[in-house]
Amino acid sequence: MKKFGLIGYPLGHSFSKNFFNEKFQSENIDAEYVNFEIPTIEDFPQIIASNPNLEGLNVTIPYKEKVIPYLNEVAPDAAAIGAVNVIKFERNKGKLKLIGHNSDVIGFTRSIESLLESYHTKALILGTGGASKAVNYGLKKLGLETLFVSRTSHNEHTITYGELTPALMDEYKVIVNCTPVGMYPQADKCPDIPYECLTPRHLLYDLLYNPNTTLFMRKGSEHGAVVKNGLEMLLLQAFGAWDIWNQ
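Just so it is clear, the structure is predicted and the values come from calculations on it, not from any experiment.

Peer 1: So what exactly am I meant to see when it comes to the sheet that holds strand β3 (residues 54-59) here?
Peer 2: Two modes of strand pairing occur in sheets, parallel and antiparallel, and in both the strands are linked by backbone hydrogen bonds. Across the sheet, six strands lie side by side as β2-β1-β3-β5-β6-β4; this open sheet has mixed pairing. The outermost strands of the open sheet, each flanked by one partner alone, are β2 (31-37) and β4 (73-74). Bridge count between strand β1 (residues 2-8) and β2: seven bridges; the pairing is parallel. Bridge pairing links isoleucine 7 to phenylalanine 36 in β2. In this fold helix α1 (residues 16-26) packs onto β1, β2 and β3, with an angle of close to 170 degrees to the strand it touches most, β2.

Peer 1: Please explain the environment of isoleucine 99 as it appears in this structure.
Peer 2: Its place among the elements puts isoleucine 99 in strand β6 (residues 95-101). Isoleucine 99 sits eleven residues away from lysine 88 along the chain, and the two C-alpha atoms are 5.1 Å apart. Beyond its immediate stretch of four places on either side in the chain, isoleucine 99 contacts Glu73, Val86, Ile87, Lys88 and Glu90.

Peer 1: How should I be thinking about the pairing of strand β7 (residues 122-126) in this particular structure?
Peer 2: Regular strands have side chains that alternate between both faces of the sheet. Buried residues dominate β7, accounting for five of its five residues. Of the two faces of β7, the one lined by Lys122, Leu124 and Leu126 and the one lined by Ala123 and Ile125 are each fully buried. Relative to strand β8 (residues 145-150), β7 runs parallel, the two sharing five bridges. The residue of β8 that forms the bridge with leucine 124 is leucine 147. Following the backbone out of β7, through helix α5 (residues 130-141) and into the adjacent parallel β8, one traces a crossover that is right-handed. As paired strands, β7 and strand β10 (residues 174-177) are joined by four bridges and run parallel to one another. In the strand pairing of β10, isoleucine 125 is matched with valine 176.

Peer 1: Would you explain the packing of aromatic side chains in this entry?
Peer 2: For any two aromatic rings, the description comes down to two numbers: the centre-to-centre distance and the angle of the planes. In this structure the tally under the stated criterion is 16 aromatic pairs. Ring centres 6.1 Å apart and planes at 35 degrees place the aromatic pair phenylalanine 20 and phenylalanine 24 in the tilted group. With phenylalanine 20 and phenylalanine 24 both in helix α1, this residue pair falls four residues apart, about one helical turn. A relative accessible area of 2% places phenylalanine 24 in the buried class.

Reading the values: the criteria
Residues numbered from 1 in each chain as written. Predicted model: local features only at pLDDT ≥ 70, side-chain atom pairs only at ≥ 80, totals over all residues. Heavy atoms only, no water. Pairing = 2+ DSSP bridges. Helix = DSSP H or I, 4+ residues; strand = E, 2+ residues; numbered from the N terminus. Contact = heavy atoms within 4.5 Å. Axes fitted to C-alpha atoms, helices over the stretch in contact; angles between N-to-C directions. Buried < 20%, exposed > 50% of the residue type's maximum accessible area, 1.4 Å probe, protein only. Right-handed = clockwise from strand over helix to strand, strands pointing away. Phe/Tyr/Trp six-rings, centres within 6.5 Å; stacked < 30°, edge-to-face > 60°.

So, in structure tokens, the structure goes:
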């Protein structure tokens, strides 16, 4: 039996395990998908060593960047992004090769593309973690200028939430939440942006999908903004991972 899995910490909220095991069952695929909840990335080689039938892995928070030094090769998109969420296992004459890919960017670009209008030329990316890097890469591929927003300013490409002026909010009409703020069970929280500056020309995209409508999305809707959660992105990146493992 083939084995696939997910590394991350913690994994209580994981979507992948149910998705793939249901897929294997419904399509009569002789495989299983398991969660590997590892408290430190140093445990990663032990997962590989003790699971010789592993065919592929997904990677989630907080290891999308930390796993890269453990890989033999990184695909061009994933290298450009600086984050990996899919690992393909290649075996040749008993030698194992681990190749890092990024299907987050596939899922994100395909799910936001149809919502973009001609006036959507600039985007604010809330958060600076591994997922935000894929979002930034995807938005640039779609022709948008980007600016990161964080609690602390790291460089000239990042501003703080306190620097979000009405003029800036008018200029940047796409806002993507890549932070965990607003995720269940803290569904009463939302990123600290000036929601009163939003208009029907704004597009708010939340990578979160639990709850289905986050407070970030709800506040956007109240000002007429177009809103979308991350469920379709999640499904599309899972399809993308399966394609990578089987190519």
